[in-house]
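What the coordinates show
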Amino acid sequence: INDDLRQLAEYSAMIAVRVAADEIRLVYAQIAGDGPAMADGNPLFHASRGNKGTGAALAVESIALAVESMREMKSDDGIPLNIGPRFLIVGPSQELAARRFLAQITATRSADVNPWAGSMELIVDANVAGNRWFIFADPALYPTVAFGYLAGQSGPSIASEIDFDTRALRVRVGLDFGTGPVDWRGAYLNPGA
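About the thresholds
Residues numbered from 1 in each chain as written. Predicted model: local features only at pLDDT ≥ 70, side-chain atom pairs only at ≥ 80, totals over all residues. Heavy atoms only, no water. Helix = DSSP H or I, 4+ residues; strand = E, 2+ residues; numbered from the N terminus. Expected span 1.5 Å × (residues − 1). Buried < 20%, exposed > 50% of the residue type's maximum accessible area, 1.4 Å probe, protein only. Arc of directions from axis to C-beta. Contact = heavy atoms within 4.5 Å. Salt bridge = Lys/Arg side-chain N within 4 Å of Asp/Glu carboxyl O.

The subject of this paragraph is helix 2 (residues 60-71). An ideal rise of 1.5 Å per residue puts 16 Å on 12 residues; helix 2 measures up with 16 Å between its terminal C-alpha atoms. Listed as buried for helix 2 are Ser62, Ile63, Ala66, Val67 and Met70. Burial along helix 2 is one-sided: seen end-on, the buried residues are contained in an arc of 135 degrees. Projecting away from the buried face of helix 2 at angles above 90 degrees are the exposed residues Glu61 and Leu65. On its buried face, helix 2 sits against strand 1 (87-90), helix 3 (95-102), strand 3 (133-136) and strand 8 (187-190).

A few words on the pattern of salt bridges. As a working rule, side chains carrying opposite charge can pair if their charged atoms are close by. Applying the stated criterion across every chain yields a total of 10 salt bridges. Each of Arg18, Asp22 and Arg25 takes part in one network of salt bridges that share partners.

Attention now goes to helix 3. All of the buried residues in helix 3 are Ala98, Phe101 and Leu102. The buried residues of helix 3 occupy an angular sector of 85 degrees when projected down its axis, which confines them to one face. Opposite the buried face of helix 3, by more than 90 degrees, sit the exposed residues Leu96 and Arg100. The inward-facing, buried residues of helix 3 contact helix 2, strand 1 and strand 2 (121-124).

Everything listed here is a matter of coordinates, which is why it stays silent on function.
Structure (structure tokens):
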């Protein structure tokens, strides 16, 4: 009755964590596989768009190809956009390789220099399967996947009621959240090796 153990207060925090995990899952579902079909009928990631490479491990050369492809993206009317990478996104199986790849290490030979060290922020998420890796531009400049809430909502709505006879507490959580692809130019997918 008095919630001396603060179980109900902790339950609210657990709801928030669970809802955030579901929102993240829904966003990553947009980049699963090759992503959903866009207006032209091709998926979000497609070789014809220049935003999908052939399977390669994280390496100086494979990242160079991805960055080159992003930088060469053009607007619908043919203007070069010069998009630069901001994030390297991998799943748990590629976390160690990605951390090593982005580490700032002083090389003793110029051939061993990693020009990409420290150039991107690493995001590791369990929603990214296998050896896949992505580079994404700054979403404030070139959004790829958008998400949002129903007007007037900024997160889950929580309602509770106490049963008159048993004094049991019932809790209902609702979430009006949506996500979808916006543009293919701000991201690059490599299926990994």
